[in-house]
Amino acid sequence: MKVEDRLEAIKDQNVAYQWSEMAILGTANDTDRIAPRPTVTSRFLALVFVAVFDAWSAFDDAAIPVYMEAYDKFPAGKQTLANKEKAISYAAYHTLREYYPYDSLQFKKFMLHLGYDPNDDSLDPTTPAGIGNLAAQATIKARYNDGSNQYGEVEGFPEPYQDYTNYQPVNTVDQLNDYDRWQPKYFTRDTGEKFAPSCLTPYWQLVKPIALSSADQFRPGPPPKVGSEQLQREVEEVVELQANLTDEERALVEFMRDGPQSVQQAGHWLKFAQQVSKRDNHTLDEDVKMFFANQVTAMDAFIASWDSKMFYDSARPFALVHHYFKDKEIKGWKGPGLGTGTIKGEDWRPYSPSAFLCPPFPSYTSGHSTISGACAELLKLWTGSDYLDVQVELVPGALTEPQALGEPIVLDFPTFTQAAEMAGISRVMGGYHIQADNIAGLELGRDVAHQVWDFYNYHVGQNKY
């Protein structure tokens, strides 16, 4: 979707909101061009809104920038809405171009639409354009060599986002050596070709967080192991839930999975924040601060979740069901358009299209649960209420089995907490996680949110950090 298609829908929103829509556009297009990479895009989104916050901080007497040098504040007479809009636009423009270069032309068109010169590269901190450019420059420079390997800067690993830990799964796609550890799985393209995706960014726990002191700051205890009553009970629960999905549950699984033009969990919670902005008629100042807190939370929650994932390297239900129900007949979903019926345990599959059956990385903790728990808790703290009140209409099966569509369903998310819990349980229903992954993820996310809340309050000048 191009910028022109979005301008009409966002014309009445403040400029910070409008740039959040450009960030969502970049994320969706990144997914379509490359692949879902939720860790990577969470970092992009967070850094865009850090730069926006830092540019805005020059117009707020109490605010403390994160990466930009603390230049003299603009005097009261120049702390105008027009100057703030200009400064944050230059910050957003340059960071979005850095992280979503394929959409640079779209971002340039949006700058022109706002009436700004996209070629103004001034670094004069006494001008709005200069402070915005400085904020973007400082953010990009500060995050160079932050562990993400965005530029292939890690010696010996010159490809962008190349794994520099040399992670090798204990189990290969064809050989299961340890039932408690993650195993890659075969997917099938529309052409019929089989392929097994490698682990996504298995080094992400080494990326420097923004607000956390370390990736393992809130690392949960271990997941249940094969042979335990808990794991057997939770694997059986996955089979039972997935075999009996209602249309509403199918819709929930698909909504949280996010489908084509996906913006992954960070973008999903940015969209929820947008709903809050529209609901509460936010000013530019409010959205700058809320989007900043929201997306720093998502980025750090991903880092914390990956610390747990790679530390425990735990198996997903895809492999566990095959182990527990091998040579047994069970009730399960047969695949797109085939409905539910009796299948062999070793043929069980998550409720997903064959081209993307299951996220390609270890299970514990659930990323959806961790990021949703974190962002929900942060928004609850930020708004001072758990009230969300968002409704979404979907057609069950649209993203998974268009041959078996249900009647339109309206999903209701009354509170932030319930939205997070619905995100978490959807991953169990769909067959991607056991309950232990979900429960520990929600708790981990909430711990992250409270740490980010302290960090946020320091940077808006309200407490020590």
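Residues numbered from 1 in each chain as written. Predicted model: local features only at pLDDT ≥ 70, side-chain atom pairs only at ≥ 80, totals over all residues. Heavy atoms only, no water.

The next thing to look at is the packing of helix α3 (residues 38-57) against helix α6 (residues 128-142). Interhelical geometry of α3 versus α6 gives an angle of 140° and a closest axis separation of 8 Å. When the interaxial angle is binned, α3 and α6 end up oblique. Pair α3 / α6 crosses with right-handed handedness. Where α3 approaches α6, its residues Leu 47, Val 50, Ala 51, Asp 54 and Ala 55 are matched on the opposing element by Ile 131, Gly 132, Ala 135, Ala 136 and Thr 139. For the contact of α3 with α6, the residue count by class is seven nonpolar, two polar and one charged. (Axes fitted to C-alpha atoms, helices over the stretch in contact; angles between N-to-C directions. Helix = DSSP H or I, 4+ residues; strand = E, 2+ residues; numbered from the N terminus. Parallel < 35°, antiparallel > 145°, perpendicular 65-115°, else oblique. Left-handed = near helix turned anticlockwise from the far one by under 90°. Contact = heavy atoms within 4.5 Å. Nonpolar A, V, L, I, M, F, W, Y, C, P; charged D, E, K, R; others polar.)

A complete count under the given rule lists 14 salt bridges for this structure. Across the pair Arg 143 and Asp 146 runs a salt bridge whose closest N-O atoms are separated by 2.8 Å. Overall, Asp 146 belongs to the buried group, its relative accessible area being 6%. The partner of Arg 219 in a salt bridge is Asp 216, with the nearest N and O atoms 4.0 Å apart. Given the relative accessible area of 29%, Arg 219 is considered partly exposed. (Salt bridge = Lys/Arg side-chain N within 4 Å of Asp/Glu carboxyl O. Buried < 20%, exposed > 50% of the residue type's maximum accessible area, 1.4 Å probe, protein only.)

Looking now at the domain arrangement of the protein chain. How large an interface is tends to be reported as the accessible area lost when its parts come together. Along its sequence, the protein chain is carved into domain 1 (1-146) and domain 2 (178-464). For domain 1 versus domain 2, the distance between C-alpha centres works out to 28 Å. At the interface, 43 residues of domain 1 touch 40 residues of domain 2. The tally of links from domain 1 across to domain 2 stands at one salt bridge. A salt bridge links Asp 285 to Lys 84; the shortest N-O distance between them is 3.0 Å. For the pair domain 1 and domain 2, the number of links is 14 residue pairs in polar contact (both at pLDDT 80 or more). Looking at the side of domain 1 that touches domain 2 element by element, the count peaks at 14 residues for α3. Of the residues assigned to the side of domain 1 that touches domain 2, the class counts are 25 nonpolar, nine polar and nine charged. (Domains from an automatic or database assignment. Polar contact = N/O pair within 3.5 Å; in protein donor to acceptor, adjacent residues only side chain to side chain.)

Here we come to unusual backbone geometry. Backbone torsion omega between Tyr 364 and Thr 365 reads 5°, so that peptide bond is classified as cis. Here Thr 365 is to be found in the loop between β4 (340-344) and α12 (367-383). Look at Asn 149: it is not a glycine, yet its phi comes out positive at around 55°. Position of Asn 149 among the secondary structure elements: in the loop between α6 and β1 (187-188). Under the relative-accessibility criterion, Asn 149 is labelled buried at 0%. Positioned with a positive phi, Asp 389 is a non-glycine residue whose angle comes to about 60°. Locating Asp 389 in the fold gives a position in strand β5 (residues 387-394).

Working note: a packed helix pair is described by the angle between its axes plus the distance between those axes. Where helix α8 (residues 247-257) contacts helix α13 (residues 416-429), the two axes come as close as 9 Å, and the packing angle between them is 105°. Our classification of the angle between α8 and α13 gives roughly perpendicular. Contact with α8, carried on its side by Glu 249, Leu 252, Val 253, Met 256 and Arg 257, involves Ala 419, Met 422, Ala 423, Ile 425, Ser 426, Arg 427 and Met 429 of α13 and no other residues of that element. Partitioning the contact of α8 with α13 into residue classes produces eight nonpolar, one polar and three charged.

The terminal C-alpha atoms of α6, which comprises 15 residues, lie 21 Å apart, in line with the 21 Å expected from a rise of 1.5 Å per residue. When you tally the buried positions in α6, you get twelve out of 15 residues, the bulk of the element. Where α6 is concerned, the buried positions are Pro 128, Ala 129, Gly 130, Ile 131, Gly 132, Asn 133, Leu 134, Ala 135, Ala 136, Ala 138, Thr 139 and Ile 140. If you follow the buried residues of α6, they end up packed against α3 and α4 (81-99). (Expected span 1.5 Å × (residues − 1).)

Glancing now at the packing of aromatic side chains. Applying the stated criterion across every chain yields a total of 26 aromatic pairs. Residues Phe 255 and Phe 272 carry aromatic rings whose centres are separated by 6.5 Å and whose planes lie at 70° to one another, so their mutual orientation is edge-to-face. Within this pair, whereas Phe 255 is found in helix α8, its partner Phe 272 is found in helix α9 (residues 264-279), the two being separated by 17 residues in sequence. Among the residues examined, Phe 272 registers a relative accessible area of 3% and is labelled buried. (Phe/Tyr/Trp six-rings, centres within 6.5 Å; stacked < 30°, edge-to-face > 60°.)

Annotation from UniProt places "coiled-coil region" (unreviewed entry) at residues 228-258. Spanning residues 228-258, this segment combines 84% helix with 0% strand, and its end C-alpha atoms are found 33 Å apart. (UniProt positions renumbered as here; feature names shortened; annotations may be inferred.)

Once that is clear, we can look at the state of the cysteines. One pass over the full model with this rule turns up zero disulfides. No disulfide involves Cys 199; its sulfur sits 12 Å from that of Cys 358, the nearest cysteine. (Disulfide = S-S within 2.5 Å.)

Turning next to the nonpolar core. Counting residues in hydrophobic clusters, the biggest one holds 112 residues, and the most contacted among them are Trp 19, Leu 96, Trp 269 and Phe 413. Here this core takes 15 residues from helix α10 (residues 284-312), the largest share from any one element. Ignoring sequence-local partners within four residues, the contact set of Trp 19 consists of Ser 89, Ala 92, Tyr 93, Leu 96, Phe 107, Phe 110, Met 111 and Leu 114. The next biggest cluster of nonpolar side chains, apart from the first, holds 18 residues, and it includes Ala 315, Tyr 324, Tyr 364 and Ala 440. (Core = buried A, V, L, I, M, F, W, Y, C linked by side-chain atoms within 4.5 Å.)

Moving on: the environment of Ser 213. Considering the arrangement of structural elements, one finds Ser 213 in the loop between β2 (194-195) and α7 (229-243). With relative accessibility at 59%, the residue Ser 213 sits in the exposed group. Ser 213 sits 119 residues away from His 94 along the chain, and the two C-alpha atoms are 28 Å apart.

Let's shift gears to the side chain of Asp 287. With respect to the secondary-structure elements, Asp 287 resides in helix α10. Salt bridges are absent for the buried Asp 287, whose nearest opposite-charge side chain, Lys 278, sits at 10 Å. (Lys, Arg positive; Asp, Glu negative; His and termini not counted.)

Bringing the pairing of β4 into the picture now. Here five bridges tie strand β3 (residues 329-333) to β4, and the two strands are oriented antiparallel to one another. Following the sheet pairing, Glu 329 is matched in β4 by Lys 344. (Pairing = 2+ DSSP bridges.)

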